[in-house]
Every structure is written in C-alpha cells, then in structure tokens.
Amino acid sequence: RAMSTSAIQQKEIRNITVIGAGLMGAGIAQVAAQAQLKVTLVDTTDKALENGRTIITNSIKRVAKKKHPEDQAKQQEYIDAAFQNISTTTDSKQAAKDADLIVEAIVENIKVKQQLFKDLDAAAPEHTIFCSNTSSLSVTEIAKATSDKRRQQFAGLHFFNPVPAMKLVEIVRTEELQDTVFDQLAEVTKKIGKTPVSCKDTPGFIVNRLLVPYMLEAFRILDRGEASPQDVDTAMKLGAGMPMGPIELADFVGLDTMKFIADGWRETGGIEPSLVTPVKVLDDLVAEGRLGRKSGKGFYDYTKK
Ligand code: 3HC
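About the cut-offs
- Residues numbered from 1 in each chain as written.
- Predicted model: local features only at pLDDT ≥ 70, side-chain atom pairs only at ≥ 80, totals over all residues.
- Heavy atoms only, no water.
- UniProt positions renumbered as here; feature names shortened; annotations may be inferred.
- Helix = DSSP H or I, 4+ residues; strand = E, 2+ residues; numbered from the N terminus.
- Contact = heavy atoms within 4.5 Å.
- Buried < 20%, exposed > 50% of the residue type's maximum accessible area, 1.4 Å probe, protein only.
- Pairing = 2+ DSSP bridges.
- Near = heavy atom within 4 Å.
- Polar contact = N/O pair within 3.5 Å; in protein donor to acceptor, adjacent residues only side chain to side chain.
- Areas by Shrake-Rupley, 256 points an atom, 1.4 Å probe, with all protein chains shown as cover.
- Nonpolar A, V, L, I, M, F, W, Y, C, P; charged D, E, K, R; others polar.
- Domains from an automatic or database assignment.

Brief notes about the UniProt feature "domain: 3-hydroxyacyl-CoA dehydrogenase C-terminal" (unreviewed entry) in the chain
So, point 1. Taken from the UniProt record, the annotation "domain: 3-hydroxyacyl-CoA dehydrogenase C-terminal" (unreviewed entry) applies to residues 204-302.
So, point 2. Helix makes up 60% of residues 204-302 and strand makes up 0%, while its end C-alpha atoms are separated by 28 Å.

Topic: the UniProt feature "binding site: NAD(+)" (unreviewed entry) in the chain
So, point 1. Cross-referencing UniProt, the feature "binding site: NAD(+)" (unreviewed entry) maps to Gly20, Ala21, Gly22, Leu23, Met24, Gly25, Asp43, Glu108, Lys113, Ser135, Asn161 and Lys294 in the present numbering. In terms of the greatest pairwise C-alpha distance, the residues named above, spread along 275 residues, do not form a single cluster, extending to 23.6 Å across.
So, point 2. By the secondary structure assignment, Ala21 is in the loop between strand E1 (15-19) and helix H2 (23-34).
So, point 3. Excluding its chain neighbours within four sequence positions, the residues that come into contact with Ala21 are Ala26, Leu41, Val42, Asp43, Ala48, Leu49, Gly52 and Ile55.
So, point 4. Within the secondary structure, Gly25 is located in helix H2.
So, point 5. With relative accessibility at 0%, the residue Gly25 sits in the buried group.
So, point 6. Setting aside chain neighbours within four positions, we find Gly25 in contact with Val18, Gly20, Leu41 and Ala105.

Description of the pairing of strand E6 (residues 154-158)
So, point 1. Extensive coverage of E6 is indicated by the burial of 5 of its 5 residues.
So, point 2. Side chains Phe154, Gly156 and His158 project from E6 onto one buried face, and the interleaved Ala155 and Leu157 project onto a second face that is buried too.
So, point 3. Pairing between strand E5 (residues 129-132) and E6: 3 bridges, direction parallel. Across the sheet, the residue bridging to Cys131 is Ala155, located in E6.
So, point 4. Bridge count for E6 against strand E7 (residues 168-173) is 3 bridges, and the pairing is antiparallel. If you follow Leu157 over to E7, its bridge partner there is Ile171.

A few points about the side chain of Gln30
So, point 1. Its location among the elements puts Gln30 in helix H2.
So, point 2. For Gln30, the residues in contact, after removing those within four places along its chain, are Ile56, Ser59, Ile60, Val63 and Pro164.

Regarding the site of the ligand
So, point 1. Around the ligand, the structure places 17 residues, and the nearest of them are Ser59, Arg62, Lys66, Ser135 and Asn161.
So, point 2. One of the side-chain N or O atoms of His158 is found 3.2 Å from an oxygen atom in the ligand.
So, point 3. Residue Asn161 places a main-chain N or O atom 2.9 Å away from a nitrogen atom belonging to the ligand.
So, point 4. When the free accessible area of the ligand is taken as 1000 Å², the share hidden by the protein chains comes to 63%.
So, point 5. Looking at the shell around the ligand, the elements with two or more residues in it are helix H3 (46-67) and helix H12 (246-253).
So, point 6. A per-element tally of the shell around the ligand places H3 first, with 4 residues.
So, point 7. Considered class by class, the residues forming the shell around the ligand number 10 nonpolar, 5 polar and 2 charged.
So, point 8. When we break the shell around the ligand down by domain, the ones giving at least three residues each are domain 1 (15-200) and domain 2 (209-294).

Here you go:
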C-alpha cells in the first residue's frame, strides 16, 4: 500500500524517552543528558527511578572529575547541567507524547517488551522513532507489536555496559527500517559521543555473537579442568589485550544473563548449536544463586574486598 511506504516527516532528535531505569537505561539517559539532549527516564516505581538517579550520580561524578580534574566547582556545574536535562516519571504513555526517540531498556522478555511497545505506539506521535536496547532478542519480533508505519522507524540501539565508558552502539537494521531513520540514529549516536556500527537483526548482532561463544568456551576450559579462572583471565588480558578476562567479564555481565542468552539462542536457533551447548559450571553457579558481581559471588568472590 502506498500509505505504508510513504516516508514519514522526520524531525531532529531532541527529546529522548528512556524506558527502564536499571543499569543500561540509566546509563543511556546519562550519556544523552551529558550531550544536552532532553531526557525523560521512565520506570514503573518511584523506587526504581530513585535507583536510576543513584546509578547516574555515581557515574557522572567520575565523568565530571575527568573533564575538570582540578576544579570542583566546574565538576558540580557539569553534573547540574546534565541533571537539568533529565526528568523522571512512572507514566510511560505521557512520556511518549513529546518523544522524538524512545529507547527501551527493560527486562529481556519478548512478551513484556511487545506489550510496552504496543502501548507506546498508540501514545507516541507519528514521527517518534522506537528503539530497543535488547542484547539477545530479535528486534523484528519485538517490532511486530507495532503498526506498519512504526516498524519502518523501529530499530535496535544496542549500548554496552558500562554505558558511559563503552564507545560503541550497534544499530540493528530490520528489513523494514527506513534508511533515513537509520541515518538519524547514526547521527544521534555520534552526538552522544558514541561510534555507531550497522548490523542485521541476527542473534547477538556483532559483539555478543562473538563474545558469548568465546565466554562459554572459557567456562568449558574450567569445566574440563584445563586452567584456573585466574589463569584464563590473565591469559586473555596479557595475551590478547582484552581489558577484562572472559571469566571476570561474565561475573560483570551477570551469570544469569549469560545463561539466559545461551539458552535463548539454543531455542530460537540462527546460530551454530555447538557454540551454545550448555556448560555445567555456568548452570551450577546460576542454580546456587551465584550470579556474579551483583550477587556478591560468581566465579569469583566479591564479598571479601
Ligand atoms: N561511569 C563513567 N565512567 C566510567 C565507568 C562508569 N561506570 N566505568 C569506567 N569508566 C571510565 C573511567 O573513568 C576511565 O576513563 P579514562 O580511561 O578516560 O580515564 C575508563 O572508563 C576506564 O576505567 P577505569 O580506569 O576505572 O578501569 P578500567 O581501565 O579497568 O576499565 C572498563 C573499566 C571500562 C569496565 C574495562 O574493564 C572494560 O572495558 N571492560 C570490558 C567491558 C565489556 O566488555 N563490556 C561489554 C560487556 S557485554 C555487554 O554489555 C552486552 C550485554 O548486552 C550482555
């Protein structure tokens, strides 16, 4: 139909609504606010929003210190200026109304994301671009909850943890995404100080497609008793120039997240099955509630430091 193929009038992206005030959402809100974009951060409870503000405060202090190493007044000015660009709300539909761009960073559950985007589609103006920060689900599947027109303005916008420090954003192109929308997303990505790469909507996109099988193989080295976690990490840091070894990185990402991604890909396919076969040590740690840094223990013990 002519209607669904006609280009939608695009506006410059000034207002960004970020849904989800966890580690990723807070990080995205922070870097957008630091770049003088107007940000509305949304979560379901005031407690979650307060937690998001705390995450931003802790991180932005480091950024401000780096920008103005000798000048505490300037540091505070920088922090205040960024916070002036951030408002918070629990009303996602209201927050959608002035958004040029919506970035979703909520729980990795396809049904929950689809319901959210369905509601947002009804509430947001026609020009609003929709993005998901999903790292393991299909963007095309999530976008199915929205209208024909919206799907042409629906992409993956995948940031990396810790968002303020990691310079990459993967822009995930679905079959339906319009080139003009892609260009706008590339532009706004650069504006917030990140480097965009373009990739198709496949399991793990680029980074996780390579990183997850590599980390799983590192766990298998442990399972087979071939090396200690410390030696695997030292080897990859000093022998391959990685900033973190695969075992400490897994603890950083969260072992439940690692397992969730591997299990999910085994189910949905689209990746060589032998790359994501279950690993005993990972399954055992998750079953014990040892989820990595966030739970105090994972492969390593963080409670002693
Ligand atoms: N907020 C603000 N700035 C931060 C920060 C934060 N939370 N964390 C680190 N930084 C900045 C520091 O200020 C510092 O900046 P500078 O180099 O300009 O002075 C820089 O980042 C390095 O930090 P540190 O010196 O404190 O520490 P390290 O050198 O050990 O770096 C690290 C920390 C950036 C986390 C580094 O270890 C690293 O890059 N690790 C790998 C992280 C990674 O691979 N992330 C991807 C995970 S996969 C993922 O996210 C996908 C998901 O979907 C599963």
